[in-house]
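Working through the structure, step by step
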Amino acid sequence: MDKDFKEQLEALRNGEIDQFEVTSETFPDFYKAWSDFSFQSSIKGFAQKGGKIIYRRKEKVK
């Protein structure tokens, strides 16, 4: 696994990064990290053309 998706998910949740991209090739590795991620409801994926998904932190409702 060349990308550390667990680190990226935590960085996204903590506001250290705005988004990151997952491709169809890296999705299996991402899914392993995602399935263990306790804060799934705080992250949202946006599908793009070509099998890419952009993950961003959900905006908090005031």
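Now for a quick tour of the structure. All of these numbers come straight from a predicted model, not from anything done at the bench. (Residues numbered from 1 in each chain as written. Predicted model: local features only at pLDDT ≥ 70, side-chain atom pairs only at ≥ 80, totals over all residues. Heavy atoms only, no water.)

**Description of the packing of aromatic side chains**
The final tally for this structure, using the stated rule, is eleven aromatic pairs. Ring centres of Phe30 and Trp34 lie 5.7 Å apart, and the angle between their planes is 25 degrees; this geometry places the pair in the stacked category. Taken together, the residues Phe30 and Trp34, both in helix α2 (residues 27-36) and four residues apart, mark about one turn of the helix. Taking the centre distance of 5.9 Å and the plane angle of 65 degrees together, the rings of Phe37 and Phe39 count as edge-to-face. On the basis of relative accessible area, Phe39 is assigned to the partly exposed category, the value being 36%. Positioned over the ring face of Phe39 is Arg13, at 3.7 Å from the centre of the ring. Sitting over the face of the ring of Phe46, Arg56 holds its NZ or CZ atom 5.0 Å from the ring centroid. (Phe/Tyr/Trp six-rings, centres within 6.5 Å; stacked < 30°, edge-to-face > 60°. Helix = DSSP H or I, 4+ residues; strand = E, 2+ residues; numbered from the N terminus. Buried < 20%, exposed > 50% of the residue type's maximum accessible area, 1.4 Å probe, protein only. Lys NZ or Arg CZ within 6 Å of the ring centre and 35° of its normal.)

The analysis is restricted to geometry; functional conclusions fall outside its scope.
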